[in-house]
Amino acid sequence: MQDDRSNASNDADDSADEAQGRAQRDPDFDRLAKLAAALMSAPAALLTLADQDGRQLVQADVGLSSAQITEALDLAEGFLANGPAEAVNRTLFLHAGAPIVMSGRTFGALLVLDNERRPAPDPDRQAQLQDVAALAGSLVVLRDRSQAGARAEAALVHAETRRAIALEAAALASWVWDPRTGIVECDTLLPELFNMPSAAKMRARDIVVSIDRRDIGKTRKIFQEALEGSDDYSGEYRIRGFDPPRWLAARGRVVERDADGRPTLVFGVNYDITERRSAEERQRLLLREINHRVKNTLATVQALATQTVRHAREPREFLDAFIQRLRALGLAHGLLSEYEWRGIGIRDLARLELSPFDDDDAPRISISGPDALLSPDQTLGLALILHELASNALKYGALSAPGGSVVVSWTVTSDKRLELQWTESGGPEVVPPSHHGFGSILIRRSLAKVISSEVTHEFPSEGVRAHISMPLGETAEA
C-alpha cells in the first residue's frame, strides 16, 4: 500500500510538472494581453489556455508580478466557474473578462485586472475584449490545423491580425497591402472612406490619387520612411471631392520583409477624423474671436475708466460707478463664453443684467418680447445700456420709490430690426436734467456708434423713457 501511495504521489508530481512544462510564453498571446490591458486602460491582464484535461498550455500576462500570477490564475478559474460576480480577490480585482472559446468549448479566459475596484466597462469596450478573446481562440485553432489548410489559415491570420490592429487603434476600416503587387485587400468600409466604388481589393495608386493634392506630398514622404526601415506609419490627410473636407487618419505597420529587407506585407487602418478636425478648427476660430473681443473689451474698459473718472465728483463715486459698469460687462462676457461667442438671446441678456436691480419676491421690472440673437458687440453694448438705465432708475427714477416699476419690451420688425422700449412709471416726478452725466452720454452717443443703434432718451414728468433701435442678424428659437 505504501508503495502504491508513493507511486501515485510521484505520478501526480509528474503530471503537475508536465502541465507546468507545457505552459508556454508566446509573443502573439503576450501582445493580445497587452492589447486587452490597453483597451481598458488597466494596469494588468492575464491570458490563460488549457487543454481538455485541464493542463495549462499557454500563459501570457502583463503588469503582474511573479507573486501575483497565482492569484490571477485563481481569478481566471473563478471567472470560468462562477462568472464575474464571484471572481474577487483581496489584492487583485477583476475589471472585465471574456472566455476563450474554440469549436464551441471554453478552453481559457482573457482577464483585465486592477488593484482596485472599478466600474464595469461599457458594452462597446466589452465587445472589443470579446473580439480579442475570439482572436486568441482563432490563433490556437489555426496552429492546430493540418498543413493542407495552410493557405486558408494564412488568410484567416491576416484577417484576424487586421482586426487586432483595428481594435488597438480604434479604427473603422482595415487593410493589408502587398507592395510587390500593389494590391490592397480591405474591408468594405475603406472604399467608402476614400469615396471609391465598393471593392474587396483596390490598387494602392488609386488610393494615393484620391488624397487631396495639398496633403499628398507629405503623406508620400512619411509612408516611404516606413517602407525604408522605420516600419510604423502615422498620418492624416484630406480626401478629394469633399466640401467641407473629409479628414482621414491612417496608421500602418510593415509586418513582413524579405531577406533583402524589402517590405512584403503591410497592415494598416484608416478612420474618419473629420469631426475632430472640425472641432479643432472651431477652437482656433474661437480663440481668434476671443483675442479680438478681449482687445475690444480692454478698449471699452479704458474708455469707461477715463469717462467715469472725468464725471465723478470724488474718488469713492468713481470707484462705485466703475465697479458696477465692469460688473455689467463681466456678466455679459460670462454669458457670451457659455455660448462660445456665437451671440446670445436678448431675453437671457435682459434677465441677467436687470436681475440685480429687481426683487424676486416682489418683482418691479417687467420683461417681454420675442427672443432674438444679438452679436457679441451688440450684447456688450446693450448690456451697458440696460445697466445704466437700471442704475439711474434705482438712484433717481421709478425704482427709487416703493410703488415704482419699469417695463422693458421689444419687437422685431419685418426688416429684422430690434425696437426696444424702456418705460418707467410710479416714481418721483421727473425733472429733465440740466446737464447729461456720463451714463446718459454712454447711452445716447458712445454705444450708439459701437452697436450701430439709434437711441432716444426722454424725460417726461411721469417717468423716464428710452427707445433703442438696432439691426439684428436672425431670430432665435423661443
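Residues numbered from 1 in each chain as written. Predicted model: local features only at pLDDT ≥ 70, side-chain atom pairs only at ≥ 80, totals over all residues. Heavy atoms only, no water.

An unreviewed UniProt entry annotates the protein chain as Blue-light-activated histidine kinase originating from Aminobacter ciceronei. Quoted verbatim from the Catalytic activity (unreviewed entry) field of the UniProt record, the comment on the protein chain reads "ATP + protein L-histidine = ADP + protein N-phospho-L-histidine." (UniProt positions renumbered as here; feature names shortened; annotations may be inferred.)

A.B. asks: Would you mind showing me how to read the overall build of the protein chain here?
C.D. replies: In terms of regular secondary structure, the protein chain is built from 13 helices and 17 strands. With 478 residues in all, the protein chain has 41% of them scored as buried. Taking as baseline every contact in the protein chain between residues at least 6 positions apart, the subset at least 24 positions apart corresponds to 58%. Looking at the protein chain as shown, the accessible area adds up to about 26200 Å², and 50% of this sits on carbon and sulfur atoms. (Helix = DSSP H or I, 4+ residues; strand = E, 2+ residues; numbered from the N terminus. Buried < 20%, exposed > 50% of the residue type's maximum accessible area, 1.4 Å probe, protein only. Contact = heavy atoms within 4.5 Å. Areas by Shrake-Rupley, 256 points an atom, 1.4 Å probe, with all protein chains shown as cover.)

A.B. asks: What is the right way to read the pairing of strand 16 (residues 454-458) from this model?
C.D. replies: As a general feature of sheets, a regular strand has side chains that alternate between the two faces. Going residue by residue along strand 16, you find Val455 and His457 tucked away on one face and Glu454, Thr456 and Glu458 left uncovered on the opposite face. Pairing of strand 16 with strand 17 (residues 465-471) involves 5 bridges; the strand directions are antiparallel. The residue bridging valine 455 from the neighbouring strand is isoleucine 468, located in strand 17. Taken together, strand 16 and the strand that follows it, strand 17, pair antiparallel across an intervening segment of 6 residues, in which glycine 463 is found at a positive phi of about 160 degrees. (Pairing = 2+ DSSP bridges.)

A.B. asks: How do you make sense of the sheet that holds strand 16 when you look at a structure like this?
C.D. replies: Backbone hydrogen bonds are what pair the strands of a sheet, in a parallel or an antiparallel way. On the basis of which strands lie adjacent, the open sheet formed by 5 strands has the order 12-14-15-17-16 and mixed pairing. Looking at strand neighbours, the two that pair on one side only are strand 12 (365-368) and strand 16, the edges of this open sheet. Within the sheet, the average angular offset between the axes of one strand and its neighbour, ignoring direction, is 10 degrees. Its contacts with the sheet place helix 11 (residues 346-354) against strand 12, strand 14 (405-412) and strand 15 (417-425), and it is angled at close to 170 degrees to strand 12. (Axes fitted to C-alpha atoms, helices over the stretch in contact; angles between N-to-C directions.)

A.B. asks: What exactly am I supposed to notice about the environment of alanine 38 here?
C.D. replies: Its location among the elements puts alanine 38 in helix 2 (residues 27-39). By relative accessible area, alanine 38 is classed as exposed at 52%. Taking the C-alpha atoms as reference, alanine 38 lies 9.4 Å from valine 112; in sequence the two are 74 residues apart.

A.B. asks: Hey, could you run me through helix 12 (residues 376-395) in this one?
C.D. replies: Residues spaced three or four apart along an α-helix face the same direction, because each turn holds 3.6 residues. Here helix 12 spans 29 Å end to end across 20 residues, near enough to the 28 Å set by a 1.5 Å rise per residue. Along helix 12, 16 of the 20 residues are buried, which leaves the element largely enclosed by surrounding structure. (Expected span 1.5 Å × (residues − 1).)

A.B. asks: Looking at this structure, I do not really get the pattern of salt bridges. What am I missing?
C.D. replies: If the charged atoms of two oppositely charged side chains come close together, the side chains can form a pair. A complete count under the given rule lists 19 salt bridges for this structure. With a closest N to O distance of 2.4 Å, aspartate 28 and arginine 31 form a salt bridge. Here aspartate 28 and its partner arginine 31 are both found in helix 2, 3 residues apart, which amounts to about one turn of the helix. Looking at aspartate 28, the relative accessible area reads 27%, which means it is partly exposed. One network of salt bridges, in which partners are shared, links Glu236, Arg276, Arg277 and Glu280. (Salt bridge = Lys/Arg side-chain N within 4 Å of Asp/Glu carboxyl O.)

A.B. asks: I tried to follow the packing of helix 11 against helix 12 on my own but got confused; where do I start?
C.D. replies: Between two packed helices, the angle of one axis relative to the other and the distance separating the axes together describe the packing. At a closest axis distance of 10 Å, the pairing of helix 11 and helix 12 adopts a crossing angle of 40 degrees. Overall, the two elements helix 11 and helix 12 adopt an arrangement that is oblique. With respect to the hand of their crossing, helix 11 and helix 12 are arranged in right-handed fashion. Two secondary-structure elements touch here, helix 11 through Ile346, Leu349, Ala350, Glu353 and Leu354 and helix 12 through Thr379, Leu382, Ala383, Leu386 and Ala390. Across the contact of helix 11 with helix 12, the residue classes tally to 8 nonpolar, 1 polar and 1 charged. (Parallel < 35°, antiparallel > 145°, perpendicular 65-115°, else oblique. Left-handed = near helix turned anticlockwise from the far one by under 90°. Nonpolar A, V, L, I, M, F, W, Y, C, P; charged D, E, K, R; others polar.)

A.B. asks: How should I be thinking about the side chain of serine 469 in this particular structure?
C.D. replies: One can find serine 469 in strand 17. Within the structure, the side chain of serine 469 is placed 3.0 Å from the side chain of arginine 417, a separation counted as a polar contact. Among the polar contacts listed, one links the side chain of serine 469 to the side chain of glutamate 419, at a separation of 2.8 Å. (Polar contact = N/O pair within 3.5 Å; in protein donor to acceptor, adjacent residues only side chain to side chain.)

A.B. asks: Where do I start with the packing of aromatic side chains in this structure?
C.D. replies: Pairs of aromatic rings are described using the distance from one ring centre to the other and the angle between the two planes. According to the stated counting rule, one finds 3 aromatic pairs in the structure shown. Taken together, a centroid distance of 5.5 Å and an interplanar angle of 45 degrees make the contact between tryptophan 177 and phenylalanine 223 tilted. One end of the pair, tryptophan 177, is in strand 5 (residues 173-178); the other, phenylalanine 223, is in helix 8 (residues 213-230), with 46 residues separating them in the sequence. Centroid distance phenylalanine 194 to tyrosine 237: 6.3 Å. Interplanar angle 40 degrees. Geometry classified as tilted. One end of the pair, phenylalanine 194, is in the loop between helix 6 (189-193) and strand 7 (201-203); the other, tyrosine 237, is in strand 8 (residues 232-239), and 43 residues separate them in sequence. When sorted by exposure, phenylalanine 194 lands in the same class as tyrosine 237, which is buried. (Phe/Tyr/Trp six-rings, centres within 6.5 Å; stacked < 30°, edge-to-face > 60°.)

A.B. asks: What exactly am I supposed to notice about the nonpolar core here?
C.D. replies: Soluble, globular proteins show a tendency: their nonpolar side chains are buried together. Membership of the largest hydrophobic core comes to 32 residues, with the highest contact counts inside it found for Ile346, Leu374, Leu382, Val408 and Trp422. Residue assignment for this core shows that the elements contributing at least two residues are helix 10 (315-338), helix 11, helix 12, strand 14, strand 15 and strand 17. Here this core gets 8 residues from one element, more than from any other, and that element is helix 12. Leave out the neighbours within four places in its chain, and isoleucine 346 touches Pro370, Asp371, Ala372, Leu374, Leu382, Trp410, Leu418 and Leu420. Among the nonpolar cores identified, the runner-up in size contains 28 residues, and Ala42, Leu110, Leu129 and Val140 belong to it. (Core = buried A, V, L, I, M, F, W, Y, C linked by side-chain atoms within 4.5 Å.)

A.B. asks: What exactly am I supposed to notice about unusual backbone geometry here?
C.D. replies: The bulk of non-glycine residues show a negative phi, and the bulk of peptide bonds are trans. Cis geometry is found at the peptide bond from aspartate 243 to proline 244, where omega equals 0 degrees. Structurally, the position occupied by proline 244 is in the loop between strand 8 and strand 9 (246-257). One non-glycine residue, serine 41, adopts positive backbone phi at about 55 degrees. For serine 41, the location among the structural elements is in the loop between helix 2 and strand 1 (44-50). Serine 41 sits in the exposed class, given a relative accessible area of 61%. Unlike most non-glycine residues, aspartate 231 shows phi in positive territory, near 75 degrees. Tracing the sequence through the fold places aspartate 231 in the loop between helix 8 and strand 8. In this structure aspartate 231 comes out as partly exposed when scored by relative accessible area, which is 28%.

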